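Here are the chains, one letter per residue:
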Amino acid sequence: MKRVVIIGGGISGLSTALYLKELAQSSGHEIEYILIEKGERLGGNIKTERVDGFLIEGGPDCFLSEKPWAAQLCRHLGLGDQIMPTTEENKGTFVLSNGKLHEMPEGLILMVPTKIMPLITTSLFSWFGKLRMGLEIFIPARHGKEDETLGSFVRRRLGKEALNKIAEPLVAGVHAGDPETMSMRASFPKFMEMEDEHGSLIKGMLARMKKAKEVQRASSGPRPTMFMTLKGGLSEMINAITTRLDSASIKLNTSVSRIEEKNGKYIIHLAGDRLDSTPPSSPPYQGGDRGGVIEADSVIFSTPAHISSSLLAELDNPLSEKLKTIPYVSTATVTLAFKADEVKLPKSFGFVIPRVEERKIMAATFTSRKFAGRCSDDYVMVRCFVGGSKNEHLVALDDKEMLDMVRGELKDIIGLNAEPVLSRVYRWRKAMPQYTIGHLERVRWIFERLHQHPGLYLTGSAYNGIGISDSIREGEITAKRCLEHLFPKSN
């Protein structure tokens with residue numbers, strides 16, 4: 001029987017294991033899979049906590065409806081009736097500019113204006129900034145395949161104000177990145193496709209909206225909102241996947257120290273094993289730091305690139321070194337709950353903060369307004385985002401310092417001075433990959449190099465898409481490639 005070891009128990013590793021198991025069963029192949037996770041729980045950055053009637057997301061709190069793979073997996077797992085849209089009566093986002101909150105103009109999709117009057121009447125942009133954005137439709141397209149940064153692209157197409165007040169905090173904020181280093185082709189290829197196909201972002205977005213309306217008219221059911229989640233939190237997805245996997249195949253609190261390749265097999269050394277360990281015919285899993293080795297026909301890394309790099313250093317040093325060139329940043333989320341009668345929040349999903357404002361938080365989400373059922377009507381919940389490429393050092397603050405800093409920011413920005421009834425801090429150290437200029441070339445080199453190691457795979461958010469949906473899609477693709485390697489079709 002073929003054996004596959006998956007290293008890393010986040011959404012990438014879990015979805016890979018699920019698809020590997022189900023695709024093998026449907027094609028009549030017998031495999032043994034082992035999922036190794038160094039922590040005490042599965043899910044990686046997805047972490048939902050329920051505390052005293054509050055539903056708190058420590059990491060991501062939603063997935064994009066535009067990318068269908070997360071919703072498709074939820075339906076496959078029997079969670080279709082749990083998929084929940086945003087609360088549209090509270091829809092809206094504010095932008096902090098010159099120390100004041102300004103409502104995001106209606107019709108501004110990501111960073112592209114699609115309605116004239118809201119753009120004209122908004123207080124967010126100067127008259128020059130509005131004119132410059134409106135003239136985008138006349139800016140000649142720059143055709144070609146060469147990459148450019150988000151900063152360069154937005155300044156060229158929409159102007160400096162659009163970059164500073166919209167693109168950087170709203171779009172780059174999703175990646176916690178620096179617009180002056182972020183790769184457009186790797187991070188936002190659809191915007192470049194719009195320019196190539198339509199010669200204008202405005203024309204391209206309007207055409208895209210028209211097509212989306214036609215698809216919606218032809219489909220049944222309610223229209224999904226841009227952001228979707230699960231009623232019981234995103235950990236419901238993790239739990240549902242876990243119940244479909246074989247419990248004996250999941251090894252928690254288990255670290256891998258190194259990988260060897262011998263006679264077409266991979267030898268996975270667990271932490272604490274002796275360097276002269278001889279792999280037996282079956283895995284002598286002993287658990288924890290007691291060590292041991294596992295022999296496998298295929299190994300799938302679903303760990304961050306820098307972790308995969310350290311584990312592959314002996315096996316393939318050039319590959320290890322190239323993986324190191326994918327940078328990561330650290331972030332933190334801070335959730336606060338308040339009595340509703342002591343807090344007055346702007347009617348919206350929250351606000352974003354351009355880095356030119358020089359604040360210590362990147363954004364705040366009014367969690368209880370964005371999604372229903374996060375807490376009772378007697379309370380409100382606010383979630384703030386800290387760190388990223390500009391203020392990564394703030395993630396190192398201890399809990400008290402972090403909470404004091406966040407509360408000070410909320411007091412300055414929205415006048416929130418109430419005492420929280422609940423607080424939670426979650427840190428995600430070196431967990432957010434950065435798709436900087438040259439990312440596509442790096443990834444291409446990495447995946448070509450893997451051809452020298454048949455049965456060795458890399459998957460996860462470091463390579464071909466950041467976010468839950470992309471990780472799920474890559475997990476399925478990786479599972480298919482692995483099975484095609486293990487069970488090649490005869491000509």
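Anything mentioned here points back to the structure above.
So, how was this worked out
Residues numbered from 1 in each chain as written. Predicted model: local features only at pLDDT ≥ 70, side-chain atom pairs only at ≥ 80, totals over all residues. Heavy atoms only, no water. Helix = DSSP H or I, 4+ residues; strand = E, 2+ residues; numbered from the N terminus. Rg over C-alpha atoms; globule rule 2.2 N^0.38 Å. Buried < 20%, exposed > 50% of the residue type's maximum accessible area, 1.4 Å probe, protein only. Contact = heavy atoms within 4.5 Å. Areas by Shrake-Rupley, 256 points an atom, 1.4 Å probe, with all protein chains shown as cover. Lys, Arg positive; Asp, Glu negative; His and termini not counted. Charge placed at Lys NZ, Arg CZ, Asp CG, Glu CD. Phe/Tyr/Trp six-rings, centres within 6.5 Å; stacked < 30°, edge-to-face > 60°. Lys NZ or Arg CZ within 6 Å of the ring centre and 35° of its normal. 1 Å grid on protein atoms, 1.4 Å probe; cavity = no way out; pocket = protein on both sides within 12 Å on 5 of 7 lines; lining within 4 Å. Points joined across faces, edges and corners; volume = space filled by probe spheres on them. Nonpolar A, V, L, I, M, F, W, Y, C, P; charged D, E, K, R; others polar. Pairing = 2+ DSSP bridges. Axes fitted to C-alpha atoms, helices over the stretch in contact; angles between N-to-C directions. Salt bridge = Lys/Arg side-chain N within 4 Å of Asp/Glu carboxyl O. Parallel < 35°, antiparallel > 145°, perpendicular 65-115°, else oblique.

Visitor: Would you take a moment to explain the overall build of the protein chain for this structure?
Guide: Along its length, the protein chain carries 16 helices and 22 strands. Its C-alpha atoms give the protein chain a radius of gyration of 24 Å, near enough to 23 Å, the size a compact globule of 491 residues would have. Dimensions of the protein chain along its principal axes, counting C-alpha atoms only, are 70 × 55 × 45 Å. Taken across its 491 residues, the protein chain has 52% of its residues classed as buried. Across the protein chain, every contact between residues at least 6 apart in sequence was considered, and the portion connecting residues at least 24 apart equals 73%. Carbon and sulfur atoms make up 52% of the accessible area of the protein chain, which amounts to about 22,400 Å² in all. For the protein chain, the centre of its 65 positive side-chain charges and the centre of its 60 negative side-chain charges are spaced 4 Å apart.

Visitor: Explanation requested: the packing of aromatic side chains in the structure shown.
Guide: Aromatic ring pairs are described here by two measures, namely the spacing of the ring centres and the angle between the planes. For the structure on display, the rule yields four aromatic pairs. Measuring from centroid to centroid gives 5.2 Å for phenylalanine 54 and tyrosine 379, while their planes differ by 70°, and the two rings are edge-to-face. Taken together, the residues span a long stretch of sequence, with phenylalanine 54 in strand β4 (residues 54-57) and tyrosine 379 in strand β20 (residues 379-387) at a distance of 325 residues. Its end group placed over the ring of tryptophan 445, lysine 322 keeps NZ or CZ at 5.2 Å from the ring centre. The residue whose ring lies beneath lysine 370 is phenylalanine 227, and the NZ or CZ to ring-centre distance is 4.9 Å.

Visitor: Looking at this structure, how should I read the layout of surface pockets?
Guide: Approximately 270 Å³ is the volume found for the second largest pocket. Lining the second largest pocket are 14 residues, with Lys115, Ile116, Leu119, Lys130 and Gly134 positioned closest to its centre. The set of elements that each furnish at least two residues to the lining of the second largest pocket consists of α3 (116-121), α4 (127-134) and α9 (201-218). The dominant element in the lining of the second largest pocket, judged by the number of residues it contributes, is α4, at four residues. In the lining of the second largest pocket, the residues fall into 10 nonpolar, two polar and two charged.

Visitor: Explanation requested: empty space enclosed by the protein in the structure shown.
Guide: Vacant regions in the atomic arrangement are exposed by a probe of water-molecule size rolled over the atoms. Here the structure, examined in full by the defined rule, presents two cavities of 30 Å³ or more. In this structure, the largest cavity occupies an estimated 160 Å³ of space. Around the largest cavity, the lining comprises 17 residues; the ones closest to its centre are Glu168, Ile353, Arg355, Met362 and Lys390. Per-element tally for the lining of the largest cavity: the top contributor is helix α6 (residues 160-175), with three residues. Quantified by volume, the second largest cavity comes out at close to 30 Å³. Taken together, Ile56, Glu57, Asp61, Thr335, Thr367, Met381 and Arg383 make up the lining of the second largest cavity. Of all the elements in the fold, those that place two or more residues in the lining of the second largest cavity are β4 and β20. Partitioning the lining of the second largest cavity into residue classes produces two nonpolar, two polar and three charged.

Visitor: What am I meant to see in the sheet that holds strand β13 (residues 256-262) here?
Guide: Within a sheet, adjacent strands bond to each other through the backbone by hydrogen bonds, running parallel or antiparallel. The strand order β13-β14-β15 describes an open sheet built from three strands, whose pairing is antiparallel. The sheet terminates laterally at β13 and β15 (292-296), the two strands that pair on one side only. Along the sheet, successive strands turn relative to each other by an average axial angle of 20°, direction set aside. Sheet topology note: the β13/strand β14 (residues 265-270) ladder contains six bridges and is antiparallel. Within the sheet, the bridge partner assigned to arginine 258 lies in β14 and is histidine 269.

Visitor: Whenever I open this one, the pattern of salt bridges confuses me. Can you help?
Guide: Side chains that differ in sign of charge can pair as their charged atoms come close. A full pass over the atoms with the stated rule returns 36 salt bridges. A salt bridge links glutamate 195 to arginine 156; its shortest N-O distance comes to 2.6 Å. Taken as a pair, glutamate 195 in helix α8 (residues 189-198) and arginine 156 in helix α5 (residues 150-157) lie far apart in primary sequence, 39 residues in all. For lysine 400, the salt bridge is made with aspartate 404, and the minimal N-O distance between the two is 2.8 Å.

Visitor: What am I meant to see in the packing of helix α2 (residues 69-76) against helix α16 (residues 468-486) here?
Guide: Two measures define how a pair of helices packs: the angle their axes make with one another and the distance between the axes. For the pair α2 and α16, the least separation of the axes is 7 Å and the interaxial angle reads 70°. In this view, α2 runs roughly perpendicular relative to α16, as classed from their interaxial angle. Here α2 contributes Trp69, Ala70 and Leu73 to the contact with α16, which in turn contributes Ile468, Ser469, Asp470, Ile472 and Arg473. Within the contact of α2 with α16, the residues separate by chemical class into five nonpolar, one polar and two charged.

Visitor: How do you make sense of the sheet that holds strand β16 (residues 298-301) when you look at a structure like this?
Guide: Read from one edge of the open sheet, five strands run β12-β2-β1-β16-β22, paired in parallel fashion. Single-partner strands in this sheet number two, and they are β12 (250-251) and β22 (456-458). The sheet contacts of helix α1 (residues 11-26) involve β1 (2-7), β2 (31-36) and β16, and relative to β2 the element is tilted by about 170°.

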